[in-house]
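Residues per chain, in single letters:
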Amino acid sequence: MIRLSVTARIALLSIALALISNLALVGFVWKTTSADAIDAIRRETTEQSEALRAVWRNGGLPAIRQAIDSAVVPGDVSLVLAVVDPKGRAVVGIAPERLAVPLRITQFRIARLGADELWSARETGYALHPLGSYWLLTGRNLDLIAAEERAIERALAVAVFLSLALGVVGGLVLTRYVSRRLDGIAKAIEAAGEGDLSRRVNMIAGGGDAFDRLAARLNVMLGKLEGVMAELRIVTDSLAHDLRSPLARLRTKTEQAVLIADPDAREAALGGLLVETDLVMRMLTMVIEISRSGSVSRDRFIEVSPANLLEEIGELYAPVAEDAGLVFTIAIDDRPPPMKLHRELISQAITNLIDNALRHGAGGGEVTLRIVHRTDGVAIQVEDRGPGIAASDRAQALKRFGRLDSARSTPGAGLGMALIEAVARLHDGHFELADNAPGLVARIVLPV
């Protein structure tokens, strides 16, 4: 079986639609014209019958003969108007010599009135009404309607030809347009398959058709995919670079531990190995958590009260802050309504903020966990009075594996801020750093 291409099927479909639409239009015109003409003949026949019957009642046969003579218009070959006797023979007027239809009251009917060659070849719309012992025949031959129908049939044949011609032309134009648009989409997909994620599908300015909507969605998908791949390369390179130092230290300490003969010293060296191993494990775990946070299904979001969640987390961290000699405050300026959140990820992001404040802002002696209901959403923020982060360094702090010079002496992988930002993006929000004068305000803003 021959399989047609998509463009060929589109062309054939356009031809078929053009042909069907023209046939339907001409058929409608044909039927409407014929029905209107027959209705006009029916009305004329009824009016003539009533008028002539009134003439008969007033003047009899001589009066109706005169009325029929005056009603005949020279050149009108379609008029049928006569008085016939009980045997069906015409007494006066225009009619067949002998009627071939039964003599009975007929309001309107279409039939062949005579048996001779002239009248048997034409149909007539007629009416029959009694006039004493005679019958009044009124009507019109349908020759004019037949001529109009033949003209419409000829027009139908021409319409079929034009439909085919226009359908072929329209199909070629449509096929060319569709092929050109699909080729652009196919080339972008092929380039993406070959590793080039920078190519985009061209869109027609002000188009807004289905192809433009498809191209827009495809471009958005390619942009996200390009960003993910670029981020993956950065993560891979950064992870390899940042793992090199702890793995080198791990190897060195392992070699040293193997060479140590003193059991106590060997145990201390093994303790150092555990510290380095934990650091590597934390880095790998954090990378996995960041990756998972970007692909979490919305089905896992539940109704959560942000204020209640902050109170629960604050109760857990209050003893930790107290042991560290810090004043830990929970400030709920306003209680926003429950929101659809991923409870576990939001909780982890908030605890990361508190951990950072306890680690880097402990010198200020004060940490505040605050929730603010703003016009652009709900802000969950942790405020400290530590050294803070300079405005020029905040972009670096938000990058994966981004560590400031002041933090390189402390354990860590530089992934905490990146996880918080990923969780904020998952909730269609954003993460921002601001000055607390002195100190730092780390803020997650979630849209309501």
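Our subject is the structure listed above.
Residues numbered from 1 in each chain as written. Predicted model: local features only at pLDDT ≥ 70, side-chain atom pairs only at ≥ 80, totals over all residues. Heavy atoms only, no water.

**Q** Just checking my understanding: could you explain the side chain of Asp85 for this structure?
**A** Within the fold, Asp85 resides in the loop between strand 1 (79-84) and strand 2 (90-94). Within the structure, the side chain of Asp85 is placed 2.9 Å from the backbone nitrogen of Lys87, a separation counted as a polar contact. A distance of 2.8 Å separates the side chain of Asp85 from the backbone nitrogen of Arg89, its partner in a polar contact. Excluding residues that lie within four positions of it along the chain, Asp85 makes contacts with Val91, Leu103, Tyr134 and Trp135. (Helix = DSSP H or I, 4+ residues; strand = E, 2+ residues; numbered from the N terminus. Polar contact = N/O pair within 3.5 Å; in protein donor to acceptor, adjacent residues only side chain to side chain. Contact = heavy atoms within 4.5 Å.)

**Q** Would you mind showing me how to read the packing of aromatic side chains here?
**A** What characterises a pair of aromatic rings is the spacing of the ring centres plus the angle enclosed by the ring planes. Taken as a whole and judged by the stated rule, the model has one aromatic pair. Ring geometry for Trp56 versus Tyr134: centroids 6.2 Å apart, planes at 70°, classification edge-to-face. Taken together, the residues span a long stretch of sequence, with Trp56 in helix 1 (residues 6-71) and Tyr134 in strand 5 (residues 134-141) at a distance of 78 residues. We classify Tyr134 as partly exposed; its relative accessible area is 24%. (Phe/Tyr/Trp six-rings, centres within 6.5 Å; stacked < 30°, edge-to-face > 60°. Buried < 20%, exposed > 50% of the residue type's maximum accessible area, 1.4 Å probe, protein only.)

**Q** How do you make sense of helix 6 (residues 306-323) when you look at a structure like this?
**A** Over its 18 residues, helix 6 runs 26 Å from end to end, which matches the ideal 26 Å to within 8%, given 1.5 Å per residue. The largest bend along helix 6 reaches roughly 35° and is located at Tyr317, with the proline Pro319 sitting one to four residues downstream. Among all positions in helix 6, only Pro306, Ala307, Leu309, Leu310, Ile313, Gly314, Tyr317 and Ala321 are buried. Where helix 6 is buried, its residues contact strand 6 (302-304), strand 7 (327-332), strand 8 (339-341), helix 7 (343-360), strand 9 (366-374) and strand 10 (377-384). Looking one or two places after helix 6, you find Gly325, whose phi comes out positive at around 80°. (Expected span 1.5 Å × (residues − 1). Bend = angle between axes of the 7 residues up to and from the residue.)

**Q** Honestly, the nonpolar core in this entry has me stumped. Any pointers?
**A** Side chains that are nonpolar tend, in soluble globular proteins, to be buried together. Core analysis: the largest hydrophobic core is formed by 38 residues, its most contacted members being Ile350, Ile354, Phe431 and Ile444. When residues of this core are traced back to their parent elements, those giving at least two are helix 6, strand 8, helix 7, strand 9, strand 10, helix 9 (416-426), strand 11 (430-435) and strand 12 (440-446). Top element by residues in this core is helix 7. It accounts for eight residues. In this view, Ile444 contacts Ala349, Leu353, Val378, Ala379, Ile380, Ile420, Ala424, His430 and Phe431; residues no more than four positions away in its chain are not counted. Of all hydrophobic cores here, the second largest spans 13 residues; its members include Ala82, Val101, Leu128 and Leu137. (Core = buried A, V, L, I, M, F, W, Y, C linked by side-chain atoms within 4.5 Å.)

**Q** I'm lost on a nonpolar patch on the surface in this one. Help?
**A** A cluster of nonpolar side chains, namely Val158, Phe161, Leu162 and Leu166, defines an oily patch on the protein surface of about 420 Å² accessible area. One can find Phe161 in helix 3 (residues 143-193). Since its relative accessible area comes to 58%, Phe161 is described here as exposed. (Patch = residues over 30% accessible without salt bridge, like charges linked within 9 Å, V, L, I, M, F, W, Y side chains within 5 Å. Areas by Shrake-Rupley, 256 points an atom, 1.4 Å probe, with all protein chains shown as cover. Salt bridge = Lys/Arg side-chain N within 4 Å of Asp/Glu carboxyl O.)

**Q** What is the right way to read the environment of Leu79 from this model?
**A** Of note, Leu79 is situated in strand 1. With a relative accessible area of 3%, Leu79 lands in the buried category. Measuring from C-alpha to C-alpha, the distance between Leu79 and Arg140 comes to 4.7 Å, with 61 residues separating the pair along the chain. Setting aside its immediate chain neighbours within four residues, Leu79 contacts Gln48, Ala71, Val72, Ile94, Gly139 and Arg140.

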